[in-house]
Amino acid sequence: MAETGEEEMMSTEASGFSDMSDSELLEIVDLEDAKESSASLSKPGPSEFSGTDDKPISLQNCKRRLDIMSPMERFHLKYLYVTDLSTQNWCELQMVYGKELPGFLTPEKADVLDTGASIHLARELELHDLVTVPITTKEDTWAIKFLNILTMIPTLQSEGCIREFPVFGEVEGVFLVGVIDELQYTAKGELELTELKTRKRPLLPLDAQKKKDYFQVSLYKYIFDAMVQGNVTPASLIHHTKLCPDKPLGPSVLRHAEQGGFAVKSLGDLIELVFLSLTVSDLPVIDSLKIEYVHQETATVLGTEIVAFEEKEVRGKVQHYIAYWTGHREPQGVDIEEAWKCRGCNYTDICEWKKGGGVLSSTLEPRAKKAK
DNA sequence: ATTGCTTAAGGG
Ligand code: SF4
């Protein structure tokens, strides 16, 4: 089972005999995924709500429990993705609806996303091959991520360019996880992050789109810098992810660790090794942030933005967004000036913000609506 | 499991 070599290695290498340095990245496949995927969690228990209205106590308790639980708890999240925060920047409430009702996309949108994803994948494969590794535990999943980091750092330092670099770290009390599209050293020797954004229509993005993308790449820099400066500690990582550093790693993971030349027995070893590699490899902080907008169909470059990192501004935004996740404030929809976003929103029909005209209508007093 | 857990980003 461990050996079902799905090695999709198409050696794009111009030969040579280097069995060590041919660039490969590992990806995972979950062996337990035979089971059908999750029923919806937020469904109320039938017995409590179906026939009987004379059970106010349990109902109330249930509601109160939901009220006091932060979104992090309600959604059973130990960490957030960088893109959770950047989509939150587009419309916070839309992001929340997306968490509550996942997989709620029009086929047209799904197509655009799929096209974008395959363009990204094709670019990734320009730089390295992907080897599928069977795994069963989340420790294995993270171990693969760590092994990839351990091979990518030297590659960046020697070849000058890597794609799909994993980042993670605590930001304002919440753990964030993401993947940097591309890192490369420029001619001037500066470390530059590039984020590719593909577009269905050959038009430059609106300001709102640019702001969201700017925020996304800023978060990557924020986290990456913290990593190379030693501010993302093994203890913090383990604390937030609840990984068990001593849980035995799967055989295929161990095999790949060995092949990579990494002497690790446990996940804990691997984490220490990653921490070391990040902090002693002379990795600089990211010097510049670039966003490239490309037309999907023709690959025409529509525009390239070089954005300046504004630490205070980014931190302020993060604090604001995290305050929602930790339950310190209610989610908000878009401001009236951005009501145009609601037209393209999948949740426009059910949105309580839109109904309430800029307030969550469920929190409105049941009194006179505005005269029409 | 008297209750579990995540590949991130994908574009507007
Ligand atoms: S309808 Fe508008 S306010 Fe409501 S979730 Fe969608 S974009 Fe946000």
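Residues numbered from 1 in each chain as written. Chains lettered and ligands numbered in written order. Predicted model: local features only at pLDDT ≥ 70, side-chain atom pairs only at ≥ 80, totals over all residues. Heavy atoms only, no water.

- The name given to chain A in an unreviewed UniProt entry is Exonuclease V, with Octodon degus as the source organism.
- Looking at the Sequence similarities (unreviewed entry) heading of the UniProt record, one finds this comment for chain A: "Belongs to the EXO5 family."
- Entered under Subunit (unreviewed entry) in the UniProt record, the comment concerning chain A runs "Monomer; monomeric form has weak exonuclease activity. Homodimer; homodimeric form is unsure but has much higher exonuclease activity, suggesting that it could homodimerize upon DNA-binding. Interacts with the replication protein A (RPA) complex." (UniProt positions renumbered as here; feature names shortened; annotations may be inferred.)

1. A word on the protein's contact with DNA strand B
Next, step 1: The environment of DNA strand B is formed by 33 residues, the closest being Lys78, Tyr81, Lys197, Thr198 and Tyr220.
Next, step 2: Those atoms of DNA strand B that come within 4 Å of the protein belong to sugar or phosphate at a rate of 56%.
Next, step 3: Val179 has a polar backbone atom sitting 3.0 Å from a phosphate oxygen of DNA strand B.
Next, step 4: Within the backbone of Lys200, one N or O atom sits 3.2 Å away from a phosphate oxygen of DNA strand B.
Next, step 5: Contributing elements (two or more residues each) for the surface near DNA strand B: α4 (82-90), α6 (107-127), α7 (138-159), β5 (174-185), β6 (191-199) and α8 (207-228). (Near = heavy atom within 4 Å. Polar contact = N/O pair within 3.5 Å; in protein donor to acceptor, adjacent residues only side chain to side chain. Helix = DSSP H or I, 4+ residues; strand = E, 2+ residues; numbered from the N terminus.)

2. A look at unusual backbone geometry
Next, step 1: Of note, the phi angle at Glu164 is positive, near 65°, even though the residue is not glycine.
Next, step 2: What makes Glu164 partly exposed here is its relative accessible area of 22%.
Next, step 3: We note that Lys242 has phi near 60°; this positive angle belongs to a residue other than glycine.
Next, step 4: As for its position among the elements, Lys242 is in the loop between α9 (234-241) and α10 (251-259).
Next, step 5: Given the relative accessible area of 49%, Lys242 is considered partly exposed. (Buried < 20%, exposed > 50% of the residue type's maximum accessible area, 1.4 Å probe, protein only.)

3. Section: the packing of aromatic side chains
Next, step 1: All told, the structure shown has 13 aromatic pairs when counted by the stated rule.
Next, step 2: Between Trp90 and Trp340, the aromatic rings sit 5.9 Å apart at their centres with planes inclined by 85°, giving edge-to-face as the arrangement. Within this pair, whereas Trp90 is found in helix α4, its partner Trp340 is found in the loop between α12 (311-325) and α13 (352-355), the two being separated by 250 residues in sequence.
Next, step 3: When its relative accessible area of 32% is taken as the criterion, Trp340 is described as partly exposed.
Next, step 4: Centroid distance Trp142 to Phe146: 5.9 Å. Interplanar angle 45°. Geometry classified as tilted. (Phe/Tyr/Trp six-rings, centres within 6.5 Å; stacked < 30°, edge-to-face > 60°.)

4. Considering the packing of α7 against α10
Next, step 1: Their axes nearest at 10 Å, the elements α7 and α10 cross at an angle of 15°. In terms of their interaxial angle, α7 and α10 are classed as roughly parallel. Our pair here, α7 against α10, has a crossing hand that is left-handed. Together, Asp140, Ala143, Ile144 and Leu147 of α7 and Val253, His256 and Ala257 of α10 make up the contact between the two elements.
Next, step 2: A class-by-class count of the residues in the contact of α7 with α10 yields 5 nonpolar, 1 polar and 1 charged. (Axes fitted to C-alpha atoms, helices over the stretch in contact; angles between N-to-C directions. Parallel < 35°, antiparallel > 145°, perpendicular 65-115°, else oblique. Left-handed = near helix turned anticlockwise from the far one by under 90°. Contact = heavy atoms within 4.5 Å. Nonpolar A, V, L, I, M, F, W, Y, C, P; charged D, E, K, R; others polar.)

5. With respect to the confidence of the model for chain A
Next, step 1: Per-residue confidence for chain A averages 85 on the pLDDT scale, and 81% of its residues sit at or above 70.
Next, step 2: Low pLDDT, under 50, characterises residues 33-57; the stretch is placed with 6 contacts to residues that sit more than four places away or in other chains.
Next, step 3: Of the regions scoring below 50 in pLDDT, residues 364-372 engages in 2 contacts with residues more than four places distant in sequence or in other chains.
Next, step 4: Here the predicted complex carries an ipTM of 0.92, next to a pTM of 0.85. (pLDDT = per-residue confidence, 0-100.)

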